[in-house]
Amino acid sequence: MQNEQQFVSLLYERLDALREQAETAVEASIGQVNTGRQARVERDISVAEHSGRVSALNAVESGLCFGRIDLSEGTTHHIGRIGMRRDDPERTPLLIDWRAPVARPFYLATGHSPMGLRRRRHLATDGRRVTALHDEIMDLTDTTRTGYEDPDGDAVLLSALNSARTGRMSDIVQTIQAEQDRIIRAPHRGVLVVEGGPGTGKTAVALHRAAYLLYAYREQLARRAVLIVGPNPAFLGYIGEVLPSLGETGVLLSTVGELFPGVRATGTDTPEAAEVKGRADMARILAEELRGRQSLPRPVLEIAHAEYGTLVLDRDTVYEARQRARDTGLPHNQARPTFAFRIIDALTGQLADRIGADPLGGANLLDPADIAQLGKEIAVSREVQAAIDSLWPTLTPQQLVSDFLADPGALLGSRDAAAVRRCGPRTGADARIDWTPADVPLLDEAAELLGEDDSAARAAAALERQERIAYAQGVLELSYGSRTQEFEDRDDDESEVLAAHDIIDAERFAERHEETDTRSAAERAAADRTWAFGHIVVDEAQELSAMAWRLLMRRCPSRSMTLVGDPAQTGDAAGCDSWQQILEPYVQQRWELSKLGVNYRTPAEIMEVAAEVRRMADPLFEPPRSVRATGEGPLVRSAKPGDLARTAAGLAVEHPGEGRLAVIAPAALLPGLAAELPDASWGIAPDLTRPVVLLNARQAKGLEFDTVIVVDPEAIMDGSPRGTNDLYVALTRATQRLGIVRDAEVPSRLKTATL
Ligand SMILES: Nc1ncnc2c1ncn2[C@@H]1O[C@H](COP(=O)(O)OP(=O)(O)OP(=O)(O)O)[C@@H](O)[C@H]1O
């Protein structure tokens, strides 16, 4: 133990030294007094990089080193959250990053297949102090003993599983199991689906996989960023500390509802509305809505031109212009200039015919220059622009979607239209719209259909770039001029002095002087709807609608994705039942499935009750095998309907236990429960770190607590079309104890949980 303590102390000394270096570098960068724009940008980048390093080093402070492997050939490696080297000329490795190939036997070796190991050691630490060692002998012929042998090899895992919860997920880097390790380190190309029952570590595995990929493919992924998608902000808060504790901070955590920059989806939909909005067919319907906005006059459109009197646009002319614009295949807003050009052309012709007509019946009296001048006047005329706008309006995604939701009757059946119809303001500059998460994929779809008419912006950018190149050309010419003077007495070809003009052309020189964006890739990605992520991890993937998948697939053209979920827990009516159905449109059959089969969270006794619920929907259902049993079955109380909240609150107070407690109840009971348990946290984004939290079953998805009290299971089951799944989720959230408060007046459908 003493030796390990010495070594661990040495590791922390090194960590302190590295941190000090990084802090000094931050200060040095901040202290640089620069006047040039480029120099300032470089300084900001340097500050951001070094500060990132300081936070990464701070984040790995706890449990820096947690393992050691002794190889049969005599070498020993310590395994930790990050890799560190000694400060010697050879830069000798001191601590091996858990993600390095050398560390792999720590997770995979067994007595059966020792992978060259003699011994595996787990180190338990408290702060910087080593508190316990657990050794496993891998080479059964080795008779040396350390006195720290752990006979069953599971002590570290079980102590992690039994520890009190904090309301924040912790990493599992010390105890990753072999089946999980294979998924974490699977190659990053293509779509990998990880399926497993509750508590099988899907979320933990997905997060560790993100950390692994960032380590193994750092170059590619740091530039393109990794996106982790979770079901709601509270869940993202719950998992938010895992990656930093693994030294990874440059990852974007988001719900689908947050992926349309500029829109905050604060509204809520009814389950019916969310289901309709999530259907794949909505893509076609929005395209249809948009085509409806590219209208034809009935039968003619008269334009009252201030100077030239009435101009007339007939249906055929507009039809032809519309066809031309549609034939470009460009998104609506980008095709608009084509449409406008045709209309202006037609009106110019009409006007030229009128004012240039020879009263004697001869050829038109206007020459081409006159006609061009007329065309310009027509193009800038407010009346003409208004007419073009009425026929082919420039639209924002927000306008298109809110107009559709205000009046969906033409494109949806009456029941679906009633579900999604939004009363209240239509679009307009000051219309405040309460967007919902299910609207966001619609907005994204609309943005694709509309495109941005960026022709003006592009022209300005091209002009600016041209100017920069011209400037750079000037600089290079100056440099060339000075060269001839400096080296005129020498044979230039043999000169070894390189001047700017030898190594760079004007265009590249100009690029180097473009303003560099100092934001991290994750920050830039968050602000950019068209960002292509290097890898996307989707948790609770079974909940996403077909429209949400369209959005996510657009964000990941490389299709490098890890999707984790459990179809048996699908709660959302818009959610999908089958991975093939989700993935077929994007990758056909080219995706891989990995399954996790051991439940690390829920004790066997609780899992038995939960499995019974699942079997109501699927009689052949087999739950994941629980790794632990507590000897304690669920505690069941019956109460009159009016007393459910009070009874549940009584049970909660009776069973404060250690760690965290959640009461999971139908939404209608939550206010009553909150009145009984005033210290509990509840609402849209409850604070999960509080000792008692009140949730509905949907909110509980993905979370876990030491003690869970499920109130009125029958009502949860009957509360939605996928209510059985919701109850299954609720029952599988406990790591230690489960209480059930049931309605005494309703016959129980749960045999194992009947008094
Ligand atoms: N190898 C492991 N070592 C220690 N703890 C683990 C391990 N694997 C999983 N766990 C723990 O088990 C619990 C459940 O893990 P996780 O939340 O990732 O499961 P899940 O499959 O996502 O569950 P659900 O589908 O119910 O949301 C977590 O507390 C997690 O830390």
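Residues numbered from 1 in each chain as written. Predicted model: local features only at pLDDT ≥ 70, side-chain atom pairs only at ≥ 80, totals over all residues.

1. Considerations on the sheet that holds strand 7 (residues 191–196)
And then number 1: Within the open sheet, the six strands sit side by side as 9-8-12-13-7-14. Their pairing is parallel. Of all strands in the sheet, those with a lone pairing partner are strand 9 (251–254) and strand 14 (591–596), marking the two edges. Averaged over all pairs of adjacent strands, the angle between their axes in this sheet comes to 15 degrees, without regard to strand direction.
And then number 2: Summarising the sheet, strand 12 (residues 535–538) and strand 13 (residues 561–565) pair through three bridges and their orientation is parallel. Looking at strand 13, one finds that V537 is bridged to T562.
And then number 3: Together, strand 7, strand 8 (226–229), strand 9, strand 12, strand 13 and strand 14 form the strand contacts of helix 6 (residues 202–216), whose direction differs from that of strand 13 by roughly 170 degrees. (Pairing = 2+ DSSP bridges. Helix = DSSP H or I, 4+ residues; strand = E, 2+ residues; numbered from the N terminus. Axes fitted to C-alpha atoms, helices over the stretch in contact; angles between N-to-C directions. Contact = placed C-beta atoms within 7 Å.)

2. A few points about the site of the ligand
And then number 1: Among the 23 residues in the neighbourhood of the ligand, the closest are listed as P198, G201, K202, T203 and Y600.
And then number 2: Split by residue class, the shell around the ligand holds eight nonpolar, 11 polar and four charged. (Near = placed C-beta within 6 Å. Nonpolar A, V, L, I, M, F, W, Y, C, P; charged D, E, K, R; others polar.)

3. Focus: the sheet that holds strand 19 (residues 692–695)
And then number 1: Judged by pairing direction, the sheet is parallel, and its five strands sit side by side in the order 17-21-20-18-19 without closing on themselves. The open sheet has two edge strands, strand 17 (635–639) and strand 19, and neither has a second partner. Adjacent strand axes in the sheet meet at a mean angle of 20 degrees when their direction is disregarded.
And then number 2: Pairing geometry for strand 18 (residues 661–664) and strand 20 (residues 705–711), over four bridges, is parallel. Counted as the bridge partner of I664 is V710 from strand 20.

4. A word on the nonpolar core
And then number 1: Counting 153 residues, the largest nonpolar core has A210, V226, A648 and I664 as the members making the most contacts within it.
And then number 2: Considering each element in turn, this core owes the most residues, nine residues, to helix 6.
And then number 3: With near-sequence residues (within four places) excluded, I664 lies in contact with L695, A697, A700, V708, V710, V711, A730 and R733.
And then number 4: In this structure, A335, F339, L374 and I388 belong to the second largest nonpolar core, which totals 21 residues. (Core = buried A, V, L, I, M, F, W, Y, C linked by C-beta atoms within 7 Å. Buried ≥ 20, exposed ≤ 12 C-beta atoms within 10 Å, placed from the backbone.)

5. Describing the environment of A446
And then number 1: The topology assignment puts A446 in helix 18 (residues 439–450).
And then number 2: For A446, a count of 26 C-beta atoms within 10 Å corresponds to the buried category.
And then number 3: Sequence spacing of A446 and Q399 is 47 residues, and the spatial spacing of their C-alpha atoms is 9.3 Å.
And then number 4: Once you skip the residues sitting within four places of it in the chain, A446 turns out to touch L286, P397, L400 and V401.

6. Observations regarding helix 10 (residues 271–278)
And then number 1: The element helix 10 is extensively covered by neighbouring structure, given that six of its eight residues are classed as buried.
And then number 2: Looking at helix 10, one finds that the buried residues are A273, A274, E275, V276, K277 and G278.
And then number 3: The elements touched by buried residues of helix 10 are helix 11 (282–293), helix 17 (414–420), helix 18 and helix 23 (546–554).

7. Some thoughts on the UniProt feature "binding site: ATP" (unreviewed entry) in the protein chain
And then number 1: UniProt's entry tags G196, G197, P198, G199, T200, G201, K202 and T203 with the feature "binding site: ATP" (unreviewed entry), counted in the numbering of this structure.
And then number 2: Examined against the element boundaries, G199 turns out to sit in the loop between strand 7 and helix 6.
And then number 3: Filtering out sequence-adjacent residues up to four positions away, G199 remains in contact with N599, Y600, R601, T602 and T732.
And then number 4: Secondary-structure assignment places T200 in the loop between strand 7 and helix 6.
And then number 5: Excluding its chain neighbours within four sequence positions, the residues that come into contact with T200 are L596, G597, V598, N599, Y600 and P624. (UniProt positions renumbered as here; feature names shortened; annotations may be inferred.)

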